[in-house]
Amino acid sequence: MIEQLLLDITNRIVSRLYGENIPVLNLPVEKTKKEINGDYTVVIFSVTRYSHKAPETTAAEIGNEMMKEIPGLASFNVIKGFLNLCFSDNYWISFMLKEAGNDQYGFAPQRQEDPVLVEYSSPNTNKPLHLGHIRNNLLGFSLAEILKANGYPVIRMNLVNDRGIHICKSMLAYMKWGKGETPESTGIKPDHLIGKYYVLFEKHYREEVKKLVEEGTSEEEALRSAPLIREAQDILRKWEARDPETRALWALMNDWAYKGFETTYTRLGVAFDIVQHESDTYLLGKKVVTDGLEQGVLSQKDDGSIWIDLTQDGLDEKLLLRGDGTSVYMTQDLGTAVVRYDKFHPTKMIYVVGNEQNYHFDVLRRTLKKLGRDWSERIYHLSYGMVELPNGKMKSREGTVVDADDLMDEMFSTAEQTTRELGKANELPATDAQDLFRMIGLGALKYFILKVDPKKNMLFDPAESIDFNGNTGPFIQYTHARVRSLLKRAETQTGFSESTALQELKDQSGIPVLPLEKEIIKKLFIFPSIVKEAGETFSPALIANYLFDLSKEYNQFYQEVPVLKEENVSCRDMRLILSVFTGKVIKKGMRLLGIDVPERM
RNA sequence: GGCCCGGUAGCUCAGCUGGAUAGAGCAACAGCCUUCUAAGCUGUGGGUCGGGGGUUCGAAUCCCCCCCGGGUCACCA
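Residues numbered from 1 in each chain as written. Chains lettered and ligands numbered in written order. Predicted model: local features only at pLDDT ≥ 70, side-chain atom pairs only at ≥ 80, totals over all residues. Heavy atoms only, no water.

**Student:** I would appreciate a short explanation of the pairing of strand β5 (residues 116–119) in the present structure.
**Tutor:** Burial along β5 is two-sided: the residues Val116 and Val118 and Leu117 and Glu119 are all buried. Bridge count between β5 and strand β11 (residues 348–354): four bridges; the pairing is parallel. Within β11, the residue paired with Leu117 across the bridge is Met349. (Buried < 20%, exposed > 50% of the residue type's maximum accessible area, 1.4 Å probe, protein only. Helix = DSSP H or I, 4+ residues; strand = E, 2+ residues; numbered from the N terminus. Pairing = 2+ DSSP bridges.)

Written out as structure tokens, the structure is:
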């Protein structure tokens, strides 16, 4: 972008001034600090090595040459080795007039190439979604939006973990204590009903273990031999043997889970293009492993189990297939990766999974590579930290979780309460008001989570509910509502229209620009590079923090600079176009986070 | 113990491909609504950037050692 352009020009000038054989320098080109006069700064300290002159002299010499070459450059100043460049007001205004009407601004054109796969959510069906899942879903959904904005074709995948010992635990508890109750008979949300039995299982199981330990059994042995866990394992065996009764209950309870998840996903506003079930994919991968054995990459032990040796890579030996030929976690992940690759030839396979699985994905990548799949480096594990509660981590077994549905309910009602206290819902029809509360509540929740760098653990304190002031989603939503309200007023009061104003302003020159306005235009100017960087680093947080900066800048302007009361028509229209542009970028940027913005609030 | 990730204001977080006096928000305090939405704006206070070495004209940022927190090292997923 412009930084690169300035760097290229600087390099040209340096070799012209100080010698043709100077290597291409990678000088820092950055936005000028706020307190200092200028738009961009080139740091030329390292040029002194070639110029053999003081930093000030060198910078001034380069600056003089730049003035001749760069049309929009109005002036420059030098502080030590910092060459500060000031572009003309006209430079910034013409940029704004060019892009304000461009609905694709900031987004890259669609690439004609193979897709990027983004897998996220991937819930277990034995319990409802909690706050940790929310972080996962929001990250995955937002990442997919950001990649699309960068022009990539994206396929969003959800691999539901619908089989295994965990669901058998819920099934067993239901058989023992369920008395045939159903979501319909109890009025409980279906996935929550399943969760109730999971917790019930864990409760009785813990009691059994405790009793066994008191009777002198070792803890390890007790955990393994308690009657309930044995029974659950028995159910798993029956499931594997396709016992009709077991399968029927399994199907029934899983359907409950899907129904419940569907509701939660819809409320949260996330979606998928492909939903896979582990019961369909868990047998994949055996062939990949046995083929690897034939190739001599893997080794087999006496009991028939197959392993990969990663000690050369600084890791351990890892089991890939059990002696009895059954799959482990790694087997099926190898399988699904290979199947996905063969089917889609993705340019990237992104897995949104918590950081407790860093090791697993490290092994997965290295194993695939050793098996000759050179596309293994296309796998990227978007590893995110856990959401911690003030008194430690969330544990579904112990009931110390923040349930996803409960949290959303709470956010909605807090949004409603706050809005009513401010007296802002009074003129709205009831249904619109409900939509608004949802929009604000979700906006607060999503922004709260997405503004934090994914790889960091984050703290959530349920006692202090999520804020609506300051660096928050509602603050940005509010800014958008302000813009929209201002523009509506402009239309009715002055007959303002975006397209005619743009036309008329283009024919003028010398419209004055306040520093405050220039700051906003400069912020708008970097939106495309923020979108690009967010796509390259898989980081919604970059978008979130950018939108906050932009909104803050705009609010400052809004508070201090009159728009509709401005008598100079060109000046007024310029400010309105600035508002139009800001509103559009906020809306588009928030969409990348999966957050909607209201017309009023 | 090995490996991975964190440690920046009382709290939650930016900044980390080296650059100018380290930034926001919350909380605290003091102001601003007869004027485009006060979920806003302005100002004040608050920091040995975990500690110690090193590289450099210049280090929160890069390298080494140490301390603290989390994760992981299952024939669970």
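Let's pick the thread back up.
**Student:** Can you help me understand the protein's contact with RNA strand B in this one?
**Tutor:** Among the 64 residues in the neighbourhood of RNA strand B, the closest are listed as Leu319, Arg322, Tyr478, Tyr558 and Val561. Backbone sugar and phosphate groups make up 62% of those atoms of RNA strand B lying within 4 Å of the protein. Met601 has a polar backbone atom sitting 2.7 Å from a base nitrogen of RNA strand B. Elements supplying a minimum of two residues to the surface near RNA strand B: β2 (40–43), β4 (82–87), α14 (329–344), α15 (358–370), α16 (404–421), β15 (458–459), α18 (473–494) and α22 (540–560). Split by residue class, the surface near RNA strand B holds 27 nonpolar, 17 polar and 20 charged. (Near = heavy atom within 4 Å. Polar contact = N/O pair within 3.5 Å; in protein donor to acceptor, adjacent residues only side chain to side chain. Nonpolar A, V, L, I, M, F, W, Y, C, P; charged D, E, K, R; others polar.)

**Student:** Could you clarify how one ought to interpret the environment of Glu184 in this entry?
**Tutor:** With respect to the helices and strands, the residue Glu184 is situated in helix α7 (residues 183–186). A sequence separation of 86 residues divides Glu184 from Lys98, and the C-alpha atoms of the two residues are 58 Å apart.

**Student:** Just checking my understanding: could you explain unusual backbone geometry for this structure?
**Tutor:** Excluding glycine, most residues fall at negative phi; most peptide bonds, likewise, are trans. Of note in the backbone geometry, Ser122 takes a positive phi value of approximately 35 degrees without being a glycine. Among the structural elements, Ser122 can be located in the loop between β5 and α5 (131–149). Look at Ser122 and you get partly exposed, because its relative accessible area is 26%. With a phi close to 60 degrees, Arg242 is a non-glycine residue in the positive phi region. Residue position: Arg242 is located in the loop between α10 (227–240) and α11 (244–268).

**Student:** So what exactly am I meant to see when it comes to the packing of aromatic side chains here?
**Tutor:** Aromatic rings considered in pairs are described by the distance between their centres and by the relative angle of their planes. Counted by the stated rule, this structure contains 28 aromatic pairs. Consider the rings of Phe87 and Trp92, whose centres lie 6.3 Å apart with planes at 75 degrees: the pair is edge-to-face. Pair check on accessibility: Phe87 and Trp92 agree, each one buried. Consider the rings of Phe95 and Phe525, whose centres lie 4.7 Å apart with planes at 80 degrees: the pair is edge-to-face. Here the residue Phe95 occupies a position in helix α4 (residues 89–99), and Phe525 occupies one in helix α20 (residues 515–525), the gap between them amounting to 430 residues. A connected cluster of aromatic rings, assembled from ring pairs, spans Tyr40, Phe87, Tyr91, Trp92, Phe95, Tyr105, Phe525, Phe527, Tyr546 and Phe581. For the cation-ring pair, Lys301 lies above Trp307, with the distance from its terminal atom to the ring centre recorded as 4.1 Å. (Phe/Tyr/Trp six-rings, centres within 6.5 Å; stacked < 30°, edge-to-face > 60°. Lys NZ or Arg CZ within 6 Å of the ring centre and 35° of its normal.)

**Student:** Could you clarify how one ought to interpret the sheet that holds strand β7 (residues 274–277) in this entry?
**Tutor:** Backbone-to-backbone hydrogen bonds pair the strands of a sheet. The strands run either parallel or antiparallel. If you walk across this open sheet you meet the five strands as β7-β6-β5-β11-β12, and the pairing is parallel. With one partner strand each, in any of the chains shown, β7 and β12 (379–384) form the two edges of the open sheet. Averaged over all neighbouring strand pairs, the angle between strand axes comes to 25 degrees, with direction disregarded. Where β11 meets β12, six bridges bridge the pair, whose relative direction is parallel. Within the sheet, the bridge partner assigned to Tyr351 lies in β12 and is His381. Taken strand by strand, α5 contacts β5, β6 (154–160), β11 and β12, and its axis lies near 160 degrees from that of β6. (Axes fitted to C-alpha atoms, helices over the stretch in contact; angles between N-to-C directions. Contact = heavy atoms within 4.5 Å.)

**Student:** Is there a simple way to think about the confidence of the model for chain A in this case?
**Tutor:** Any segment with low pLDDT has predicted coordinates that should not be analysed in fine detail. For chain A, the average pLDDT comes to 93, and 99% of its residues sit at 70 or higher. Note on the complex model: pTM 0.95, ipTM 0.96. (pLDDT = per-residue confidence, 0-100.)

**Student:** Looking at this model, I keep getting lost on the packing of α18 against α22. Mind explaining?
**Tutor:** Each pair of packed helices gets described by two things: the angle between the helix axes and the distance between those axes. The N-to-C vectors of α18 and α22 enclose an angle of 45 degrees; their axes lie 9 Å apart at closest approach. By the angle class used here, α18 and α22 are oblique. The handedness of the crossing between α18 and α22 comes out as left-handed. Contact residues: Phe475, Ile476, Thr479, Arg482, Val483 and Leu486 in α18; Ala544, Leu547, Phe548, Ser551, Lys552, Tyr554, Asn555, Tyr558 and Gln559 in α22. (Parallel < 35°, antiparallel > 145°, perpendicular 65-115°, else oblique. Left-handed = near helix turned anticlockwise from the far one by under 90°.)

**Student:** Explanation requested: the domain arrangement of chain A in the structure shown.
**Tutor:** Interface size is often expressed as the accessible area that is lost when the parts come together. Assigned domains within chain A: domain 1 (2–87), domain 2 (120–398) and domain 3 (407–592). For domain 2 and domain 3, the distance between their C-alpha centres works out to 39 Å. The partner domain 3 presents 30 residues to the 30 residues of domain 2 that form the contact. Counting each side, the surface lost to burial between domain 2 and domain 3 is near 2,600 Å², with a carbon and sulfur contribution of 68%. The tally of links from domain 2 across to domain 3 stands at one salt bridge. Its salt-bridge partner being Arg267, residue Asp409 comes within 2.9 Å of it at the nearest N-O pair. Across the domain 2-domain 3 interface, the total number found is 13 residue pairs in polar contact (both at pLDDT 80 or more). Within the residue set of the side of domain 2 that touches domain 3, elements represented by two or more residues are α5, α11, β11, β12 and β13 (387–389). Classifying every residue of the side of domain 2 that touches domain 3 gives 18 nonpolar, seven polar and five charged. (Domains from an automatic or database assignment. Buried area = accessible area lost by both parts, 1.4 Å probe. Salt bridge = Lys/Arg side-chain N within 4 Å of Asp/Glu carboxyl O.)

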